[in-house]
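Observations on chain architecture
What follows is each chain in one-letter form.
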Amino acid sequence: MDIIEAIKSRRAVKHFDPNHFLTKDEEVQLLSLAQLSPTAFNIQNWRLLIVKDPSIRQKIREVSWGQAQVTEASLLIVICADLKAWDKAPERYWKNAPDAVRDFMVPAIGGYYRGHETVQRDEAMRSCGLVAQNLMLSAKALGYDSCPMDGFNFEQVGKIINLPEDHVISMFVVIGKGTQPARERGGFIPMEEMVKIDRF
């Protein structure tokens, strides 16, 4: 499937075949495509927690308004971010770059994030949004459906998954074989409201 068709056909699907599982190769391909998502300074701060244990998924469903896709989708991916990824051996993010580039970028990472907790969190959410979109479009290209989710108790999910203190949860993405089509699109705001030129 080409990228334009994947964008047009990707929808938030709520009903999945609970007996369908992605093959190992499909899962590896999906995650490899997700890894190509961009991040500022190449810090790769997203962390994808794939919840496979049915008992853990059931606990998560209980704090997710009972939404069936949490347990019925083939994959439940809790998209998190390491808020301190910028400070964890940052030289590894530029190990293959020319010396001049590496010598500039590595110190710049600390200069940009150190002491700026709001910037760290904002960057985490941007990065997680980008990786989520890559996951959903890649899933559609592989013939699967998906749904981004934020309808859950973030604090309770954090406890269930033992979320590290320096991490945040951005959203879930569930992926699997849809059993019902998505509802009709709700409607779009006018293009002139969405797009502004030069100034508001």
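Look up: the structure comes first, before these words.
In what follows, the accompanying structure is described. (Residues numbered from 1 in each chain as written. Predicted model: local features only at pLDDT ≥ 70, side-chain atom pairs only at ≥ 80, totals over all residues. Heavy atoms only, no water.)

Digging into the overall build of the protein chain
Keep this limit in mind: Counting from the N terminus, the helices are DSSP H or I runs at least four residues long and the strands are E runs at least two residues long. Exposure is judged per residue with a 1.4 Å probe applied to protein chains only, and the accessible area is read against the type maximum: over 50% gives exposed, under 20% gives buried, and values in between give partly exposed. Residue contacts are counted whenever heavy atoms from the two residues lie within 4.5 Å of one another. Positive charges are assigned to Lys and Arg, negative charges to Asp and Glu, while His and the chain termini are left out of the count. Every charge is mapped onto a representative atom, which is NZ of Lys, CZ of Arg, CG of Asp or CD of Glu.
Of the regular secondary structure elements, the protein chain holds eight helices and four strands. Listing each helix as α and each strand as β along the protein chain from the N terminus yields α-α-β-α-α-β-α-α-β-α-β-α. In the protein chain, which comprises 200 residues, the share counted as buried stands at 38%. For the protein chain, the share of sequence-separated contacts (at least 6 apart) that also reach a separation of at least 24 residues comes to 79%. Distance between charge centroids for the protein chain: 2 Å, based on 25 positive and 26 negative side chains.

Some remarks on helix α6 (residues 117-141)
Which entries qualify depends on this criterion: Here a helix's expected span is defined as the number of its residues, less one, multiplied by 1.5 Å.
An ideal rise of 1.5 Å per residue puts 36 Å on 25 residues; α6 measures up with 36 Å between its terminal C-alpha atoms. Glycine 143, located one to two residues past α6, shows a positive phi value of around 90°.

Description of unusual backbone geometry
Backbone geometry places phenylalanine 41, a non-glycine residue, at a positive phi of 55°. At glutamine 44, a residue that is not glycine, the phi angle is positive and equals roughly 50°. Take glutamine 44: it is sitting in the loop between α2 (24-34) and β1 (46-51).

Let's talk about the side chain of glutamate 27
Heads up, the condition is: Whenever two N or O atoms come within 3.5 Å, that pair is a polar contact, provided that in protein one can donate a hydrogen and the other can accept it, and provided that, for residues adjacent in sequence, both atoms are side-chain atoms.
Tracing the chain through its elements places glutamate 27 in helix α2. Exposure remark for glutamate 27: the relative accessible area of 9% places this residue in the buried category. Here the side chain of glutamate 27 touches lysine 52 through a polar contact of 3.0 Å, side chain to side chain. Other than its neighbours up to four places away in sequence, glutamate 27 contacts Leu22, Ile50, Lys52 and Leu75.

Observations concerning the nonpolar core
The nonpolar side chains of a soluble globular protein tend to be buried, and buried together. The criterion, for reference: Grouping buried Ala, Val, Leu, Ile, Met, Phe, Trp, Tyr and Cys residues that are joined through side-chain atoms within 4.5 Å yields what is termed a nonpolar core.
By size, the foremost hydrophobic cluster in this structure holds 21 residues, and its most contacted members are Leu30, Ile79, Val173 and Ile175. Listing elements by their share of this core, those giving two or more residues are α2, β2 (75-82), α6 and β4 (167-176). The dominant element in this core, judged by the number of residues it contributes, is α6, at seven residues. Apart from residues lying up to four places away in sequence, valine 173 is in contact with Leu75, Leu76, Ile77, Ile79, Ala132, Met136, Ser146, Cys147 and Pro148. One finds Val13, Ile60, Cys80 and Ile169 within the second-largest nonpolar core, a separate group that totals 17 residues.

Details of a nonpolar patch on the surface
Put simply, the rule is: Patches were defined on residues exceeding 30% relative accessible area and lacking a salt bridge, with like-charge contacts within 9 Å and nonpolar side-chain contacts (Val, Leu, Ile, Met, Phe, Trp, Tyr) within 5 Å. Computed by Shrake-Rupley with a 1.4 Å probe, the accessible areas treat only the displayed protein chains as cover when residues are assessed. The salt bridge definition used is simple: a Lys or Arg side-chain nitrogen within 4 Å of an Asp or Glu carboxyl oxygen.
Where nonpolar side chains cluster on the molecular surface, the patch consists of Ile189, Met191, Met194, Val195 and Ile197 and spans about 530 Å² of accessible area. Its relative accessible area of 63% is what places isoleucine 197 among the exposed residues.

Here's the deal with the pattern of salt bridges
This model, assessed by the stated rule, comprises ten salt bridges. In this structure, the salt-bridge partner of aspartate 82 is arginine 47, at a minimum N-O distance of 3.8 Å. Of this pair, aspartate 82 sits in strand β2 while arginine 47 sits in strand β1, and the two are 35 residues apart along the sequence. Owing to a relative accessible area of 29%, arginine 47 belongs among the partly exposed residues under this scheme. Here the residues in one salt-bridge network are Arg47, Asp82, Lys88 and Asp166, joined through shared partners.

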